[in-house]
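Chain and residue survey
The primary structure of each chain is shown beneath.
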Protein chains: 2
Amino acid sequence: MADGITDRVRPRDRILETAQDMFHKHGIKGVGVDAITEAAGTNKMTLYRHFESKDELIVQCLRASAAKGAAIWGEFEAEHPGDKLAQLHAWVHKVAETLATDGRGCDMANAAVELTELDHPARSVIKELKGAQRDRLVALCRDAGIGQAELLADTLSLLFEGARVSVQTMGCQGPSTQFVRMAEGLISSFRAR
Amino acid sequence: MADGITDRVRPRDRILETAQDMFHKHGIKGVGVDAITEAAGTNKMTLYRHFESKDELIVQCLRASAAKGAAIWGEFEAEHPGDKLAQLHAWVHKVAETLATDGRGCDMANAAVELTELDHPARSVIKELKGAQRDRLVALCRDAGIGQAELLADTLSLLFEGARVSVQTMGCQGPSTQFVRMAEGLISSFRAR
DNA sequence: TCGGATAGTTACAGACCGGTAACACCCTAG
DNA sequence: CTAGGGTGTTACCGGTCTGTAACTATCCGA
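Starting from 1, residues in each chain are numbered consecutively following that chain's sequence as written. The naming scheme follows written order: chains are lettered A onward, ligands numbered 1 onward. The predicted origin of the model limits local features to residues at a pLDDT of at least 70 and limits the giving and counting of side-chain atom pairs to 80 or more, whereas totals for whole chains, interfaces and linings rest on all residues. Processing note: side-chain calculations cover all non-hydrogen atoms of the structure and skip hydrogens and water entirely.

**Some details on the protein's contact with DNA strand D**
In the neighbourhood of DNA strand D, 18 residues make up the surrounding shell, with A:T42, A:R49, B:K44, B:Y48 and B:K54 lying closest. Contact between DNA strand D and A:H50: a phosphate oxygen at 2.9 Å from a side-chain N or O atom of the residue. Residue B:Y48 places a side-chain N or O atom 2.8 Å away from a phosphate oxygen belonging to DNA strand D. Helix numbering and strand numbering both begin at the N terminus, where a helix is a DSSP run of H or I of at least 4 residues and a strand a DSSP run of E of at least 2. Sort the elements by how many residues they give to the surface near DNA strand D and helix α4 (residues 44-50) of chain A lands first, with 4 residues. Grouping the constituent residues of the surface near DNA strand D by class yields 6 nonpolar, 7 polar and 5 charged. In these notes, residues near a molecule or strand are those with any non-hydrogen atom within 4 Å of it. Between N or O atoms, a polar contact is any pair within 3.5 Å; within protein, one atom must be a potential hydrogen donor and the other a potential acceptor, and residues adjacent in sequence are included only when both atoms are from side chains. Under the scheme applied here, ten amino acids are nonpolar (Ala, Val, Leu, Ile, Met, Phe, Trp, Tyr, Cys and Pro), four are charged (Asp, Glu, Lys and Arg), and all others, including Gly, are polar.

Quick look at the structure:
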């Protein structure tokens, strides 16, 4: 086949990347380890040499997915160095772009919906990663000079989360198209106080 | 056993009720038809005599779940006859109560996350039922005399949806506790315009 | 009392699931 | 050249899944 990728990238990374993509598109319970390894150009034994179970693979995928999301914050700082308010607006527009282009929701939220066992190893990881997400947004709001930074950050968080779900229930032409208007309205409303 | 319920309620209704409850708690893909029929005090053959497939059962559960949600709107009208603004506030508090007591999200949203096949029979039903939900809230906002009724209704919808997801990712002590403050702030902000 | 509809029981088909065993292979470091 | 770690292959285990077949038991209305 001369895949190019198959040759140079190590199997573990191919599996992690492929699993992330397939979990995202088809859901965690909708994808079996056989399908993952086949799509990654490898086999089940190799997967189980690098991950002790499917649950462990799920956890690593969630961490990788969250890390990608966190990396975007570097772009905001690079594009608007020091201007925290501009970075907040950049976040709003980045969210809108995501809503318009990605028909599936947040990997962590989706995983929380699918993995209902209260003691599932992924649940504590999801809580940890979601907490970190929230903390970043709170810090950005505070540094942007907004009074009730926590309340604004939480409101924007829930709005974002809801919009990502709405895309899945009502399509990308539904209420989520109004996200920018809602978010900008909230920001200016909080700044006015 | 002398269940009481098992004797008087017909198997079809017992299956529908039990399936709703189990899908809600454990997710759709987390529950098999065998488990449903056993919990409903019946058997698989009887299920397949009343529902042509699990997918069909899922659709009927979603419709039943949505109908229960819609029934609550009657209470709002009964408690505050004619006072649409009071009914809107009643909706807000009802949502907050749901967030505090139900650790799982909206059945339709959860189903949309789990059933990723674009042509799954439940997807169009979810869209239809979610659209009806939205329309009711828009009508309530408009009848309450709010100018940008659609925008407020959509904002409240997304906030609600996001809060229900947040309960699943961060627990009921997370950002969702602020829902009432957020919603009331939005309503008074829209009324001021 | 009888007949038909409804419901329960057992067994099974065929597919898929996560996970493992045993063995052959190949590439690279020494 | 060689030894060994990483990888690929095949086959398999026990379990679960949706869905069906064939038969039996029960209840209700005429």
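After that view, the rundown keeps rolling.
**Description of helix α6 (residues 84-101) of chain B**
Residues and elements named next belong to chain B. In this scheme, a helix's expected span is set at 1.5 Å multiplied by one less than its residue total. Between its terminal C-alpha atoms α6 stretches 26 Å, which fits the 26 Å expected from 18 residues at 1.5 Å a residue. Each residue is placed in one exposure class: buried if its accessible area under a 1.4 Å probe, protein chains only, is under 20% of its type's maximum, exposed if it is over 50%, and partly exposed if it falls in between. Restricting attention to buried positions, one finds in α6 the residues L85, A86, Q87, L88, A90, W91, V92, V95 and L99. Contacts were defined at the residue level, with two residues in contact if any of their heavy atoms lie within 4.5 Å. Looking at the buried residues of α6, the elements they touch are α5 (54-79), α8 (121-143), α9 (149-170) and α10 (179-192).

**What about the interface of chain A and chain B?**
Between chain A and chain B, the residue contacts involve 39 residues of the former and 39 residues of the latter. Defined here as a combined quantity, buried area equals the accessible surface (1.4 Å probe) lost by two parts on assembly, summed across both. For the pair chain A and chain B, the two sides together bury roughly 3,300 Å², of which 71% comes from carbon and sulfur. When a carboxyl oxygen of Asp or Glu is within 4 Å of a side-chain nitrogen of Lys or Arg, the pair counts as a salt bridge. On inspection of chain A and its partner chain B, the count reaches 0 salt bridges. Summed over the shared surface of chain A and chain B, the result is 6 residue pairs in polar contact (both at pLDDT 80 or more). Within the residue set of the side of chain A that touches chain B, elements represented by two or more residues are α2 (11-26), α7 (107-114), α8 (121-143), α9 (149-170) and α10 (179-192) of chain A. The element best represented in the side of chain A that touches chain B is α9(A), accounting for 13 residues. The residue inventory of the side of chain A that touches chain B, partitioned by class, reads 14 nonpolar, 14 polar and 11 charged.

**Some remarks on α5(B)**
Residue and element names in this part refer to chain B. For α5, built from 26 residues, the straight-helix expectation of 38 Å at 1.5 Å per residue is met to within 8% by its first-to-last C-alpha distance of 39 Å. Where α5 is concerned, the buried positions are L57, I58, V59, C61, L62, A64, S65, A66, W73 and F76. Next to the buried residues of α5 lie α2 (11-26), α3 (33-39), α4 (44-50), α6, α7 (107-114) and α8.

**Observations concerning the domain arrangement of chain A**
All names here are of chain A. Its domain assignment divides chain A into domain 1 (1-51) and domain 2 (62-192). With 9 residues of domain 1 in contact, the opposing surface of domain 2 contributes 11 residues. On the domain 1 side of the contact with domain 2, Q20, H24 and I28 bury the most area, a combined 65% of that side's loss. At the junction of domain 1 and domain 2, the tally comes to 1 salt bridge. Note that domain bounds follow an automatic or database assignment of domains.

**Points about the relation of the copies chain A and chain B**
To superpose the copies, least squares is applied to the C-alpha atoms of every residue with a pLDDT of at least 70 in both. Superposition of chain A onto chain B requires a rotation of 180° combined with a translation of 0.0 Å along the rotation axis, giving an RMSD of 0.0 Å. Each copy turns onto its partner about a two-fold axis. Across chain A, the rotation axis passes nearest the C-alpha of A:G162, at a separation of 1.8 Å. Interface overlap between copies: 100% of the residues of chain A at the interface are likewise at the interface in chain B, consistent with a symmetric, same-surface contact.

**Focus on the side chain of B:D154**
With respect to the helices, strands and loops of the structure, B:D154 is situated in helix α9. On the accessibility criterion, B:D154 (4% relative accessible area) is buried.

**Quick word on the protein's contact with DNA strand C**
Close to DNA strand C lie 17 residues, the nearest being A:K44, A:Y48, A:K54, B:T42 and B:R49. Note that a base oxygen of DNA strand C is positioned 2.4 Å from one of the side-chain N or O atoms of A:K44. Between a phosphate oxygen of DNA strand C and a side-chain N or O atom of A:K54, the distance comes to 2.7 Å. At the level of elements, α4 of chain A together with α2 and α4 of chain B are the ones that each hand at least two residues to the surface near DNA strand C. With 4 residues, the single largest contributor to the surface near DNA strand C is α4(B). Grouping the amino acids of the surface near DNA strand C by side-chain chemistry returns 6 nonpolar, 7 polar and 4 charged.

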